[in-house]
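# Summary of the model geometry
These are the residues of each chain, in order.
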Protein chains: 2
Amino acid sequence: MYIEKIQSPADLKGLDIKALNIVADETRAAVINRVSKHGGHVGPNLGFVEATIALHYVFNAPEDKFVFDVSHQCYPHKVLTGRASGFLGDVDDMNAISGYSSPAESPIYDNFEVGHTSTSISLATGLQKARDIKGTHENIIAIIGDGSLSGGEAFEGLDEASELGTGIIIVVNDNEMSIAENHGGIYKNLRALRESNGKCEHNWFKAWGFEYKYLEEGNDIEKLIGLFQSVKDTDQPTVVHIHTEKGHGFKPAVENKEAWHWGMPFNPIDGSRPTGPAIETYEELFSNWMLAEMKKDPTLIAVTAGTPAAAGFSPAKRAEAGKQHIDMGIAEEQACAMASGMAKGGLRPVWTVYSTFIQRTYDQIAQDLCINSNPAVINVMWGGCGTMNDITHICLFDIPMLTSIPGLVYLAPTTCEEYFAMMRWAVAQDKKPIAIRVPSNGVIHTNEKMEEEFSFEPKYKVAKKGSKVAIIAAGSFYQKGENVVKLLKDKGIDATLINPRYLNEVDATTLDTLKANHQLVVTLEDGCKDGGFGERIASYYGTSDIKVLVGGIKKDLYDRFDVTKLLSDNRLLDEQIVEDVLSIVKG
Amino acid sequence: MYIEKIQSPADLKGLDIKALNIVADETRAAVINRVSKHGGHVGPNLGFVEATIALHYVFNAPEDKFVFDVSHQCYPHKVLTGRASGFLGDVDDMNAISGYSSPAESPIYDNFEVGHTSTSISLATGLQKARDIKGTHENIIAIIGDGSLSGGEAFEGLDEASELGTGIIIVVNDNEMSIAENHGGIYKNLRALRESNGKCEHNWFKAWGFEYKYLEEGNDIEKLIGLFQSVKDTDQPTVVHIHTEKGHGFKPAVENKEAWHWGMPFNPIDGSRPTGPAIETYEELFSNWMLAEMKKDPTLIAVTAGTPAAAGFSPAKRAEAGKQHIDMGIAEEQACAMASGMAKGGLRPVWTVYSTFIQRTYDQIAQDLCINSNPAVINVMWGGCGTMNDITHICLFDIPMLTSIPGLVYLAPTTCEEYFAMMRWAVAQDKKPIAIRVPSNGVIHTNEKMEEEFSFEPKYKVAKKGSKVAIIAAGSFYQKGENVVKLLKDKGIDATLINPRYLNEVDATTLDTLKANHQLVVTLEDGCKDGGFGERIASYYGTSDIKVLVGGIKKDLYDRFDVTKLLSDNRLLDEQIVEDVLSIVKG
């Protein structure tokens, strides 16, 4: 094994091509070892093994600076920069190494914490400017996948890199895929460049003022080394376009690139994944519902910005939806603005987006959509503490963000039936943009009768009338509210339980009625409480005699947290809430 | 006069070229009449008179749909679509017509409320998709200036327009300027296209898959008509690149394009503007301070995304700053991410941005900057109710937005001296990103001694110790707090006055000390109170006996509001606050 002797990229320098190829095999095996046991990004990392080795062979990190886009291709880099234990060790070792570029982990070799797409060029231009001001001469290398090129920030970064006019090397890792297939006009040009071996008539990068080099054999270490040597120490903005194979060296990942972009643990021999009991998911339920509705209404459009799986739109379902499914590429701003335009034009777009990515389009929600009151629907997935937990993918901020944008209704259903009732209404109405926070605590059913029509004005639902204490429990934390009410019952308190349904505004009427026979209102929300739902209620009651205990998660930079510990630290375990209630209402 | 007879674009159809040129002269005179009396966008509108007439002559609005980018070039369109009164009438008539594309004003001819840059193509693709789904055949025409092309959303829009593959016409109005000069690699290609009459080797638009036509004479109605006729009813994504002159037909605006992009009223004969008494501005003070500091520290960098005037960086000051001033073009995402990269690389970037535009880069602040804890400084201008008041430019939302992002310190100085003390500290420290909300209520001085060092933890400053009532008055509303304290004194209440200085977190220590001898805390913030500063304090005190009155502006879609009325509607006039305090503490 070579790989165990490679403590830093310097250890690659003395090796010949044959040895480097063995390192590649070992690195690939290490990556497969990790993802098969731990899960993670499979295809993009496997395709970038050879390029990573060639980059570290040619350039001199840490003096030369690498900036990885979205980090989907940084595992080989981690293996070669002192973190092989996260790939060869046991699951604890693997947990110690994140799936993303992380200076917290390696301040020398990782320049930025990165997990959202399309940022590498912009970040690298900052290092470039710093180098130019300081008068040093290190290479600045941004590594970006073709999929990430569709994001506005990547375009802005290219625009600035060209403008600066000094040396920067942008490695475009073209594996012909985003998470799903690519969408966007730029991919026509990438295809033309691939098919012409980089020589097609109108070169998008050259048009932008870049020096440009193409390499068809993007998984050939020797050729990659030659390529990178030819641009090393350039004083020009330079694009190096390499054609790689997503999933290279692992047959299942090559054969089904979308399914193997990211995944849970699997059998490394045949790629099979353990099948557990089938459970209902909102992804599945939503996509089935949409497909059925689409057949009745040709104006209903499913929208995604590069993450069709968030809405359950598998390749087969996308094919079934035909023109009624649209994928913008990883371009959330476009998705939001185009949804607004579609709604204006008489369509009924439903844009599904993960909580962590909705923050990529604050201004478009505020300006393109809400100021225009166009009736597009935003389906917010995975909001809450029980979903993604890497520092770059925290799903706790959609409530503060969306509820501070005027003109947007933000609904928080508590059950499957309530979710679809709200969705049916949101799609049918033509007055306003409506966002819906899909429950993230599993699919929970109810027999309760649902309303057909909702109001644009907030109207809380009093599920149970009690006195002294009222629990207002929103969305995914509603069942927590139910639990707390039960536990309080045992303590002799007959608490009121409220499903607020609306996150964007308080229902003053309902809140006022509580004043008569309640001392304490407890709010519960599955998200960041700073700027969130509960604080509005605390503010509403601020000058009254009602006390308010705001339950939510304190704003902070969380990384790979344990959910129970997070809840406990925020006094959100059922028993803790009861304890806190009793300490307040004891008098 | 022709113009008074033109009630709709249909009235242009029967005119010959000579008559259309007279309409152009009259339209230009109308635009100059408005901007000279009312202020507004001068140069971009004057350059687009002929193109607007040709567009309305060739296309059939409202069936054919125009989408104007940022609206800086929509005045001639307003003149020709039934809103000439806003240009020819008295100041009240002018006030009735906004400076932006507005369906509220003309639901037939204006498709979207637009005021932020780079949105037109994305919005238009939505109309395009709606048309394609419905099977109709109207023309969809997006009109975008060269300056607006540098924003990420415009790139994403181009990418999708090409992908859709059906008819859309994108008119690139190239006047060789943003608000200031253009910045970005794309402008190299626009120049090459202009210099080659549209025939240069690598055409950026053709690389992207667009049909492309160029017209050098962008202020020649006859040629414009020919051009637009040649693309009318196209079934291909098409870019029409026209070279216009910013300020065309008004000499002062042609000679100094940056100064005449937008402006206050002026003498229409010679362009002179009334000179009032010189008043201090933060723009002037900040740029002077930066220039002085830059000479001492070559790593200090002034950053702007297309709005150098926001930081007082006039052309002369930019020249003086040299490489220490950087303008990204209208690309806030890039500005934020690059600032993070610069800080990582050892520079000291200070990015100045208007409150209304900071929302164009939420994710970059959260991800590229704050997760990475890079010590860039954000200088937030004009936050508050006393600045811009068009629905598209409201400056009330920066507090809810920035204070819900973990890892960011958000400071609110109350005086000039405090502002610079905070700025000096923010620039000197190397631990965290710091945003500073520059006071927007004029430059107010103090003799108070300022700290040299601030803490990363919130530490409120108790300006005056009293009892019963405490006023916590942030930033631009601090002087309102002082007034309220004075008025309360007359009513026999010796109130405490606190300058919180930190908006991002509460200072629990100071808040706890108030519990001993206060009944009521009043918070005052010059911004949207939903999700803002005061609600955190209401939440903090939620389970205590302290009452909290949260003073701020209710979240809503405001348009061209009167400040005093807005304050009054929100019970924020000094006397109203006193009245409300007395109604609560009377007991």
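These numbers come from a predicted model, not from an experiment. (Residues numbered from 1 in each chain as written. Chains lettered and ligands numbered in written order. Predicted model: local features only at pLDDT ≥ 70, side-chain atom pairs only at ≥ 80, totals over all residues. Heavy atoms only, no water.)

### Regarding the overall build of chain A
Of regular secondary structure, chain A possesses 24 helices and 18 strands. Projecting the C-alpha coordinates of chain A onto the three principal axes gives extents of approximately 80 × 50 × 50 Å. Taken over 587 residues, chain A has a buried fraction of 66%. A fraction of 75% describes how many contacts in chain A between residues 6 or more apart in sequence connect residues 24 or more apart. As displayed, chain A offers around 19,100 Å² of accessible surface, 51% of which is attributable to carbon and sulfur atoms. Placing the 57 positive and 79 negative side-chain charges of chain A at their respective mean positions leaves the two points 4 Å apart. (Helix = DSSP H or I, 4+ residues; strand = E, 2+ residues; numbered from the N terminus. Buried < 20%, exposed > 50% of the residue type's maximum accessible area, 1.4 Å probe, protein only. Contact = heavy atoms within 4.5 Å. Areas by Shrake-Rupley, 256 points an atom, 1.4 Å probe, with all protein chains shown as cover. Lys, Arg positive; Asp, Glu negative; His and termini not counted. Charge placed at Lys NZ, Arg CZ, Asp CG, Glu CD.)

### With respect to the interface of chain A and chain B
Listed as interface residues are 106 residues of chain A and, on the opposing side, 105 residues of chain B. Both sides of the chain A and chain B interface together cover about 8,700 Å² of buried area, and 55% of this is carbon and sulfur. Considering only the side of chain A, the residues that lose the most area to chain B are E156, H202 and K555 of chain A, jointly responsible for 8% of the buried surface there. At the junction of chain A with chain B, the criterion picks out 12 salt bridges. For the salt bridge of K547 of chain B with D545 of chain A, the shortest nitrogen-to-oxygen distance reads 2.9 Å. Summed over the shared surface of chain A and chain B, the number is 57 residue pairs in polar contact (both at pLDDT 80 or more). Of the residues forming the side of chain A that touches chain B, the biggest block, 10 residues, is contributed by helix 8 (residues 152–164) of chain A. Split by residue class, the side of chain A that touches chain B holds 38 nonpolar, 40 polar and 28 charged. (Buried area = accessible area lost by both parts, 1.4 Å probe. Salt bridge = Lys/Arg side-chain N within 4 Å of Asp/Glu carboxyl O. Polar contact = N/O pair within 3.5 Å; in protein donor to acceptor, adjacent residues only side chain to side chain. Nonpolar A, V, L, I, M, F, W, Y, C, P; charged D, E, K, R; others polar.)

### Some points on helix 8 of chain A
Residues and elements named next belong to chain A. For helix 8, spanning 13 residues, the distance from its first C-alpha to its last is 18 Å, which sits close to the expected 18 Å at 1.5 Å a residue. All of the buried residues along helix 8 are G152, E153, A154, F155, E156, G157, L158, D159, E160, A161, S162 and L164. Note on helix 8: the residue one or two positions beyond its end, G165, has a positive phi of about 80°. (Expected span 1.5 Å × (residues − 1).)

### Observations regarding the sheet that holds strand 15 (residues 468–473) of chain A
Residues and elements named next belong to chain A. Spatially, 14-16-15-17-18 is the arrangement adopted by the 5 strands of the open sheet, whose pairing is mixed. The two strands at the open ends of the sheet, each matched to only one other strand, are strand 14 (461–464) and strand 18 (547–553). Each strand of the sheet is rotated relative to its neighbour by a mean of 25°, with strand direction disregarded. Bridge analysis of strand 17 (residues 518–528) against strand 18 gives 6 bridges, and the strand direction is parallel. Note that in strand 18 the partner of L524 across the bridge is G551. Strands in contact with helix 22 (residues 533–540) are strand 15, strand 17 and strand 18; relative to strand 17, the strand with the most contacts, it is inclined by about 155°. (Pairing = 2+ DSSP bridges. Axes fitted to C-alpha atoms, helices over the stretch in contact; angles between N-to-C directions.)

### Observations concerning the sheet that holds strand 12 (residues 409–411) of chain A
Hydrogen bonds between backbone groups are what pair the strands of a sheet, and the pairing can be parallel or antiparallel. Residues and elements named next belong to chain A. An order of 9-8-10-11-13-12 is seen for the 6 strands of this open sheet, with the pairing classed as parallel. The open sheet is flanked by strand 9 (325–327) and strand 12, the only strands paired with a single partner. Strand after strand, the sheet turns through a mean of 20° between neighbouring axes, direction not considered. Pairing of strand 12 with strand 13 (residues 434–437), which is carried by 3 bridges, proceeds in the parallel orientation. Note on strand 13: the bridge partner recorded for L411 is I436. With respect to the sheet, helix 15 (residues 332–344) is in contact with strand 8 (300–304), strand 9 and strand 10 (348–354), its orientation differing from that of strand 10 by roughly 160°.

### Overview of the pattern of salt bridges
Residue and element names in this part refer to chain B. Per the stated rule, a full pass over the model turns up 70 salt bridges over all chains. In this structure, the salt-bridge partner of E50 is R28, at a minimum N-O distance of 3.0 Å. Separated by 22 residues along the polypeptide, E50 in helix 3 (residues 49–58) and R28 in helix 1 (residues 17–38) bring together distant segments of the chain. Accessibility classification places E50 together with R28 in one group, the buried group.

### Some details on the nonpolar core
With 235 residues, the main nonpolar core has I471 of chain A together with I471 of chain B as its most contacted residues. Setting aside its immediate chain neighbours within four residues, I471 of chain A contacts G481, V484, V485, L488, A495, T496, L497, I498, V522 and L524 of chain A. L123 of chain A together with A142, W204 and A337 of chain B belong to the second-largest nonpolar core, a separate cluster that totals 64 residues. (Core = buried A, V, L, I, M, F, W, Y, C linked by side-chain atoms within 4.5 Å.)

### Looking at the packing of aromatic side chains
Counted under the stated rule, the structure contains 50 aromatic pairs over all chains. Between the aromatic rings of F250 of chain B and W260 of chain B, the centroid separation amounts to 5.3 Å while the plane-to-plane angle is 75°, which identifies the pairing as edge-to-face. Within this pair, whereas F250 of chain B is found in the loop between strand 6 (237–243) and helix 12 (251–255), its partner W260 of chain B is found in the loop between helix 12 and strand 7 (262–263), the two being separated by 10 residues in sequence. F250 of chain B sits in the buried class, given a relative accessible area of 5%. Since its relative accessible area comes to 5%, W260 of chain B is described here as buried. Ring pairs connect the aromatic residues F155, W204, F205, W208 and Y212 of chain A together with F155, W204, F205, W208 and Y212 of chain B, which therefore count as one cluster. We note R273 of chain A situated over the ring of W260 of chain A; from NZ or CZ to the ring centre the distance is 4.3 Å. (Phe/Tyr/Trp six-rings, centres within 6.5 Å; stacked < 30°, edge-to-face > 60°. Lys NZ or Arg CZ within 6 Å of the ring centre and 35° of its normal.)

### A few points about the pairing of strand 11 (residues 377–381) of chain B
Residue and element names in this part refer to chain B. The element strand 11 is extensively covered by neighbouring structure, given that 5 of its 5 residues are classed as buried. Relative to strand 11, strand 10 (residues 348–354) runs parallel, the two being bridged by 5 bridges. Across the sheet, residue Y354 finds its bridge partner in strand 11, namely M381. Where strand 11 lies against strand 13 (residues 434–437), 4 bridges are found, and the strand directions are parallel. Within the sheet, the bridge partner assigned to N379 lies in strand 13 and is I436.

### Details of the relation of the copies chain A and chain B
Placing chain A over chain B gives an RMSD of 0.0 Å and needs a rotation angle of 180°, together with 0.0 Å of translation along the axis. Read as a symmetry element, the transformation amounts to a two-fold axis. In this assembly the copies share their binding face: 99% of the residues contributing to the interface of chain A also contribute to that of chain B. (Least-squares fit on C-alpha atoms with pLDDT ≥ 70 in both.)

### Focus: the environment of G152 of chain A
In this fold, G152 of chain A is placed in helix 8. Placed 107 residues apart in sequence, G152 of chain A and N45 of chain A show a C-alpha to C-alpha distance of 24 Å. Excluding residues within four positions of it along the chain, G152 of chain A makes contact with G152, F155, E156 and E333 of chain B.

### Some remarks on the confidence of the model for chain A
With 100% of its residues at a pLDDT of 70 or more, chain A has an overall mean of 97. Scored as a whole, the predicted complex attains pTM 0.97, and scored at its interfaces, ipTM 0.97. (pLDDT = per-residue confidence, 0-100.)

### With respect to helix 9 (residues 186–195) of chain A
Within helix 9 of chain A, the full set of buried residues consists of I186, Y187, N189, L190, L193 and R194 of chain A. For helix 9 of chain A, the angular spread of the buried residues around the axis is 155°, confining them to a single face. The elements touched by buried residues of helix 9 of chain A are strand 4 (168–174), helix 10 (204–207), strand 5 (211–215) and strand 6 (237–243) of chain A together with helix 8 (152–164) and helix 10 (204–207) of chain B. After helix 9 of chain A finishes, the residue N197 of chain A shows a positive phi value of roughly 55°. (Arc of directions from axis to C-beta.)

### Some remarks on the side chain of E525 of chain A
Residue and element names in this part refer to chain A. Relative to the assigned elements, E525 resides in strand 17. Salt bridges are absent for the buried E525, whose nearest opposite-charge side chain, R437, sits at 7.2 Å. Polar contacts involving the side chain of E525 include one to the main-chain amide nitrogen of F533, which spans 2.7 Å. When neighbours within four sequence positions are excluded, E525 is seen to be in contact with I399, F477, G532, F533, G534, V550, G551 and G552.

### Overview of unusual backbone geometry
Geometrically, the link from A61 of chain A to P62 of chain A is a cis peptide bond, its omega value of 10° lying close to zero. Not every positive phi belongs to a glycine, and D233 of chain A is a case in point at roughly 65°. Note on placement: D233 of chain A falls in the loop between helix 11 (221–231) and strand 6. Look at D233 of chain A and you get exposed, because its relative accessible area is 52%. The phi torsion at V70 of chain B lies on the positive side, around 55°, for a residue other than glycine. Along the polypeptide, V70 of chain B turns up in the loop between strand 2 (65–68) and helix 4 (75–80). For V70 of chain B, a relative accessible area of 5% gives the class buried.

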